[in-house]
Amino acid sequence: VSIATSPLSFGLPLLNRVVCPHCWERFAPEDVLWVSEHLELQGDPLLGPTHAQRFLPSRFNLAGDAIDAKGQACRVLACPRCHLTIARGLLELEPLLVSILGAPASGKSYFLASATWTLRQVLPNAFNVSFQDADPLENAILSQAEERLFLNPEPERLFPLRELIDKTVLEGDTYDSVSFGQQTVRYPRPYLFSLQARPRDRIPAGSDRLSYMLYLYDNAGEHFQPGQDTASQPVTRHLALSRVLLFVFDPTQDQRLRSAAYAEGPSLAVEAGRVSRQETILSEAAARIRRYSGLSQSESLKSPLIVVVSKLDAWGHLLGYDLSSEPWKASPDGWIAGLNVERILGVSADVRSLLLTYCPEIVATAESLAKDVTYVPVSALGRQIEPLPDSGKPAIRPARIQPSWVTVPFLFGLSQVVTGFIPRLVRRDKSSKSSSGSVPADRPRGGSLGAEPTGR
Ligand SMILES: Nc1nc2c(ncn2[C@@H]2O[C@H](COP(=O)(O)OP(=O)(O)OP(=O)(O)O)[C@@H](O)[C@H]2O)c(=O)[nH]1
Ligand SMILES: [Mg+2]
């Protein structure tokens, strides 16, 4: 049976504009292409002879699936510009891009895998928000990284860190090539997650939408070096659409912080030798964002910038307190957790002053780019890193991995850009300061936030 309408929706209204997670083109949902299912319908002019034909349908079956030229019902959608496939949820859920940038080996891939794994537990259990792979096939590489860290079949074996998660490659499996006439363009694969707030009895007034599609990209650090983003490899163009920028800064690659951290002897937690100028990565990213989004040199970026200060396990003792507890807490009725923004901003102020002491140019660069800068320390692995007996290189037993604060950049970033989605812990006696996004950055005093331990 064929009907002539396009019932693409599964209940939620369709968006006016969809953002392709591959080529970042915006298009109307009715322009989406379908991928032929019939085996004889092979060959796409943009993707090559081994890809199925894409088409704009005129016939649908009762289930709402398009019917291809050979009468087969189709299920898979594709972008009208780049022809790469698109999960159906992208037509319904508002896009929310988060870009992760940072120097090579700064810890981006470890941080991402550790954070997405932890968010899978924390968002549903503590915040009543479901967090799911929108396209398990697209997310496969990230899921494998999560499994190697957290579901490893040999949890007690000592793995060199470099073997658990590989360096992100600059070409290969994680990129899609599309031929636009003479020009072949290579796009990085996105990771896509649907975020949906479950029904709550108390939805804060003025809340935005309650469901989003999170687009994440894990670039190789080299992509952020000058000259590495071109028309044929627009690998970091997601930066311009990004709602939250996560700049991963690795203190162990800074000579001054490194010597301070290891003043009492060499650390075993990181490999020796790698030192880099990381503020140049940030300035280059800012130049690209300004170029792609037409901002002038003097204008600040609109998106909040979170400086994710990685490998906390190797330098955290410089802060002088322990960050073992996470900064959120169930509200007194035990239902929805609130993010302890006051504590996050207190820690941010301390990390900022540490960076000001040792590498002031990072603070200066970050704060000249964005109006809203927060510093969040994270460790993807925790403190149980050991040296390998033969080479002395850092290694860990998967069973001992204990991430610290890895979800905070995401939870805090979300709470900054989407009202009401991630509730903030409100001080009982000063409820007027709730969720305004402008909580003062003064240092929290112990015990002032109900039972939330300040961790100091
Ligand atoms: N001590 C410690 N080391 C870490 C941590 N996270 C990553 N590392 C180390 O840093 C190295 C690089 O981490 P990656 O996550 O691969 O870095 P990346 O930023 O993705 O690097 P590229 O893919 O080259 O851009 C790892 O091999 C680990 O040795 C951490 O939380 N603590
Ligand atoms: Mg990487």
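Residues numbered from 1 in each chain as written. Chains lettered and ligands numbered in written order. Predicted model: local features only at pLDDT ≥ 70, side-chain atom pairs only at ≥ 80, totals over all residues. Heavy atoms only, no water.

Draft legend 1. Structural context of the overall build of the protein. When its secondary structure is counted, the protein shows 9 helices and 22 strands. Evaluated residue by residue, the protein yields a buried proportion of 55% over its 456 residues. Working note: accessible area of the protein is about 19800 Å², and carbon and sulfur atoms make up 51% of it. (Helix = DSSP H or I, 4+ residues; strand = E, 2+ residues; numbered from the N terminus. Buried < 20%, exposed > 50% of the residue type's maximum accessible area, 1.4 Å probe, protein only. Areas by Shrake-Rupley, 256 points an atom, 1.4 Å probe, with all protein chains shown as cover.)

Draft legend 2. Spatial organisation of the confidence of the model for the protein. Averaged over every residue, the pLDDT of the protein is 86; the share at 70 or more is 85%. Confidence over residues 1–7 falls short of pLDDT 50; this stretch has 18 contacts with residues more than four positions distant or in other chains. In this model, residues 430–456 is a region of pLDDT below 50 whose contacts with residues beyond four sequence positions or in other chains number 47 contacts. (pLDDT = per-residue confidence, 0-100. Contact = heavy atoms within 4.5 Å.)

Draft legend 3. Inspection of the coordination of the magnesium ion (ligand 2) at higher detail. The protein atoms that coordinate the magnesium ion (ligand 2) are S109 (OG) and T168 (OG1), at distances of 2.0 to 2.1 Å. One end of the pair, S109, is in helix 1 (residues 108–127); the other, T168, is in the loop between helix 3 (161–164) and strand 12 (175–180), and 59 residues separate them in sequence. (Donors = N, O, S within 2.8 Å, 3.2 Å for Na, K, Ca; no water.)

Draft legend 4. Just the site of ligand 1, in detail. As a structural note, the neighbourhood of ligand 1 is formed by 22 residues, with A105, K108, K167, G221 and D313 the closest of them. Note that an oxygen atom of ligand 1 is positioned 2.9 Å from one of the backbone N or O atoms of Y110. Here T168 contributes a side-chain N or O atom positioned 2.9 Å from an oxygen atom of ligand 1. For ligand 1, whose accessible area on its own is 650 Å², the fraction buried by protein is 97%. (Near = heavy atom within 4 Å. Polar contact = N/O pair within 3.5 Å; in protein donor to acceptor, adjacent residues only side chain to side chain.)

Draft legend 5. Representation of empty space enclosed by the protein within the structure. Tallied over the full model, the rule gives 3 cavities of 30 Å³ or more. Empty space within the second largest cavity amounts to approximately 40 Å³. Forming the boundary of the second largest cavity are L101, L245, L282, A285, A286, I289, L301, L305 and L369. Here the element with the most residues in the lining of the second largest cavity is helix 5 (residues 279–293); it accounts for 4 residues. Within the lining of the second largest cavity, the residues separate by chemical class into 9 nonpolar, no polar and no charged. (1 Å grid on protein atoms, 1.4 Å probe; cavity = no way out; pocket = protein on both sides within 12 Å on 5 of 7 lines; lining within 4 Å. Points joined across faces, edges and corners; volume = space filled by probe spheres on them. Nonpolar A, V, L, I, M, F, W, Y, C, P; charged D, E, K, R; others polar.)

Draft legend 6. Structural detail: the nonpolar core. By size, the foremost hydrophobic cluster in this structure holds 98 residues, and its most contacted members are F127, L355 and F410. Apart from the residues lying within four places of it in its own chain, the contact partners of F410 are V98, I100, F111, L112, A115, L119, L216 and L246. (Core = buried A, V, L, I, M, F, W, Y, C linked by side-chain atoms within 4.5 Å.)

Draft legend 7. Representation of the packing of aromatic side chains within the structure. This structure, assessed with the given rule, holds 8 aromatic pairs. Ring plane angle 65 degrees and centroid distance 6.0 Å describe the contact between F127 and W328, whose orientation is recorded as edge-to-face. Of this pair, F127 sits in helix 1 while W328 sits in strand 18 (residues 328–330), placing them 201 residues apart in sequence. For the residue pair F127 and W328, the accessibility class agrees, reading buried in each case. Each ring, one from F131 and one from F193, has its centre 4.5 Å from the other, and the planes form 10 degrees; the classification is stacked. Remark: F193 occurs in strand 14 (residues 191–197) and F131 occurs in strand 10 (residues 129–133); sequence separation between them is 62 residues. According to the relative accessible area criterion, F193 is buried, its value standing at 0%. In this structure, R186 packs its charged tip against the face of Y175, placed 5.8 Å from the ring centre. (Phe/Tyr/Trp six-rings, centres within 6.5 Å; stacked < 30°, edge-to-face > 60°. Lys NZ or Arg CZ within 6 Å of the ring centre and 35° of its normal.)

Draft legend 8. A look at unusual backbone geometry. With phi around 65 degrees, W24 is a residue other than glycine that occupies positive phi space. On the secondary structure map, W24 appears in the loop between strand 1 (18–19) and strand 2 (26–27). Of note, H83 is a non-glycine position whose phi angle comes to about 65 degrees, a positive value. The residue H83 is located in the loop between strand 7 (77–78) and strand 8 (85–86) in this model.

Draft legend 9. Spotlight on the environment of Q225. Structurally, Q225 is set in the loop between strand 15 (211–218) and strand 16 (244–249). Separated by 123 residues in sequence, Q225 and G102 have C-alpha atoms that sit 9.5 Å apart.

Draft legend 10. Broad picture of the packing of helix 5 against helix 8 (residues 360–369). In contact at an axis separation of 9 Å, helix 5 and helix 8 are set at 10 degrees when each is read in the N-to-C sense. Between helix 5 and helix 8, the angle falls in the class roughly parallel. Residues E279, L282, S283, A286 and R290 of helix 5 touch helix 8, and the partners they reach there are E361, I362, T365, A366, S368 and L369. Split by residue class, the contact of helix 5 with helix 8 holds 5 nonpolar, 3 polar and 3 charged. (Axes fitted to C-alpha atoms, helices over the stretch in contact; angles between N-to-C directions. Parallel < 35°, antiparallel > 145°, perpendicular 65-115°, else oblique.)

Draft legend 11. How the structure looks around the side chain of H238. Here H238 shows up in the loop between strand 15 and strand 16. One polar contact links H238 to S99, side chain to side chain, over a distance of 2.8 Å. In this structure the side chain of H238 is engaged in a polar contact, spanning 2.7 Å, whose partner is the side chain of N219. Excluding residues that lie within four positions of it along the chain, H238 makes contacts with W24, L97, S99, Y217 and N219.

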